[in-house]
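Fold and contact review
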Amino acid sequence: MKKYSKILFLITAVTMISSCTVAPLTGRRQLKLVSDESVASSSVSAYRQFIQQASAKGLIANDTADGQRLRRIGGRISTAVEQYLNENGLSKKLGNLQWEFNLIKTNEINAFAMPGGKIAFYTGIMPVLNSDAGVAFVMGHEIGHVIGGHHAEASSNRALAGIAATVTDAVTGGNAVSSLVSSGLSITLLKFNRTQEYEADKYGMIFMAMAGYNPSEAITALERMDSIGSGKGAEILSTHPSGKNRIEAARKFLPEAMKYYKAR
């Protein structure tokens, strides 16, 4: 009985912690065992190392037409993000954002943003997205993960997984019950990550709209990526929900996103 009380204590503690933080856009409860600030600090160092290595291999494509295009779009999106934060009582997040945009020469279809405002696109994704609006949506989506605190949330989930595994092994002796708990935890975290992706899509549509890109183009971008699929080198889709589900969710959110749109 004493052993099982340890698991009960862990669950209770995590519930109390997760109830203290909510996602800015949706109000969803978030688990935050680490701060956004601490994740930003380590992420900037990792990004700097990544860019230095890419530069040493001659893989930085910032001086190309697409590189200049990426930075132009990045300027508009970053301005929109800052405006959104200021207008929604989130201005304290601005202190962690030192914007940087880099285009990496590789056929891989991917893009990412790291805490601290560090963005990288791979040349392989540019023709897939095709339009400036498509690039703006994906950029807004990736920055949405940063604004939504998803990186700190993911780090917290990994930490929790380690704690849960340690406690469960101690209680069960690593038997079949432990395996069942681990499997259940993995399924829960996968679902949670998909929730984050839907949130990031909403951010992406809002940010692109505020930057003057028609958010209906987000649906076009999702359709283009879905036509390729993660099985054909689209790494950016490997952890995302079903393309059809994302497209349908984007259609449902479009009327809300259009409220932020002013054509330029």
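Preceding block: the structure.
Note that this is a predicted model, so its numbers are computed, not measured. (Residues numbered from 1 in each chain as written. Predicted model: local features only at pLDDT ≥ 70, side-chain atom pairs only at ≥ 80, totals over all residues. Heavy atoms only, no water.)

If you check helix H5 (residues 132–147), its first and last C-alpha atoms are 22 Å apart, about what 16 residues at 1.5 Å a residue would give, namely 22 Å. Glycine 149 lies just past H5 and shows a positive phi near 70°. (Helix = DSSP H or I, 4+ residues; strand = E, 2+ residues; numbered from the N terminus. Expected span 1.5 Å × (residues − 1).)

Next up on the list: the packing of aromatic side chains. Pairs of aromatic rings are described using the distance from one ring centre to the other and the angle between the two planes. What the rule picks out here adds up to seven aromatic pairs. With a centroid separation of 6.2 Å and 85° between ring planes, the pair formed by tyrosine 84 and tyrosine 203 is classed as edge-to-face. Taken together, the positions of tyrosine 84 in helix H3 (residues 65–87) and tyrosine 203 in helix H7 (residues 176–210) put the pair 119 residues apart, joining distant regions of the chain. Exposure remark for tyrosine 203: the relative accessible area of 1% places this residue in the buried category. (Phe/Tyr/Trp six-rings, centres within 6.5 Å; stacked < 30°, edge-to-face > 60°. Buried < 20%, exposed > 50% of the residue type's maximum accessible area, 1.4 Å probe, protein only.)

Moving on, we come to the pairing of strand S4 (residues 111–114). In regular strands, side chains alternate between the two faces of the sheet. Alternating residues of S4 divide into Ala111 and Ala113 and Phe112 and Met114, and every residue in both groups is buried. Summarising the sheet, S4 and strand S5 (residues 118–122) pair through four bridges and their orientation is antiparallel. Residue alanine 113 lies in a different strand from S5, and its bridge partner there is isoleucine 119. Linking S4 to S5, which pair antiparallel, is a turn of three residues; within it glycine 116 sits at a positive phi near 105°. (Pairing = 2+ DSSP bridges.)

Helix packing geometry: the angle between the two helix axes and the distance between the axes. Two numbers describe how helix H8 (residues 216–228) lies on helix H9 (residues 243–258): the axes approach to 9 Å, and their chain directions differ by 175°. Considered as vectors, H8 and H9 are oriented roughly antiparallel to each other. Packed against H8, whose contacting residues are Ser216, Ile219, Leu222, Glu223 and Asp226, the element H9 presents Gly243, Lys244, Arg246, Ile247, Ala250, Arg251 and Leu254 at the interface. Residue classes in the contact of H8 with H9 are distributed as five nonpolar, two polar and five charged. (Axes fitted to C-alpha atoms, helices over the stretch in contact; angles between N-to-C directions. Parallel < 35°, antiparallel > 145°, perpendicular 65-115°, else oblique. Contact = heavy atoms within 4.5 Å. Nonpolar A, V, L, I, M, F, W, Y, C, P; charged D, E, K, R; others polar.)

A few words now on unusual backbone geometry. The backbone phi angle of asparagine 130 is positive, close to 70°, even though this residue is not glycine. Counting through the fold element by element, asparagine 130 comes out in the loop between helix H4 (126–129) and H5.

Following the criterion strictly, the structure yields eight salt bridges and no others. Residues arginine 69 and aspartate 66 are paired through a salt bridge, measuring 3.1 Å at the closest nitrogen-oxygen approach. A residue pair is termed a helical-turn pair when its members lie 3 or 4 positions apart in one helix, as arginine 69 and aspartate 66 do in helix H3 at three residues. Residue classification places aspartate 66 among the partly exposed residues on the basis of a relative accessible area of 29%. Note that glutamate 223 and arginine 251 form a salt bridge whose closest N and O atoms lie 3.0 Å from each other. With glutamate 223 in helix H8 and arginine 251 in helix H9, this residue pair connects regions lying 28 residues apart in the sequence. Three or more residues joined by partner-sharing salt bridges are found here, namely Asp66, Arg69, Arg72 and Asp132. (Salt bridge = Lys/Arg side-chain N within 4 Å of Asp/Glu carboxyl O.)

Before going further, it helps to examine the environment of methionine 258. Mapping methionine 258 onto the fold places it in helix H9. Along the primary structure methionine 258 and methionine 205 are separated by 53 residues, whereas in three dimensions their C-alpha atoms are 8.6 Å apart. The residues contacting methionine 258, other than those within four sequence positions of it, are Asn214 and Pro215.

Let us look at the pairing of S5. Counting buried positions over the five residues of S5 gives five, a clear majority of the element. On S5, burial covers both faces: Lys118, Ala120 and Tyr122 on one face and Ile119 and Phe121 on the other are all buried. Alignment of strand S3 (residues 100–104) against S5, held across five bridges, turns out to be parallel. Note that in S5 the partner of phenylalanine 101 across the bridge is isoleucine 119.

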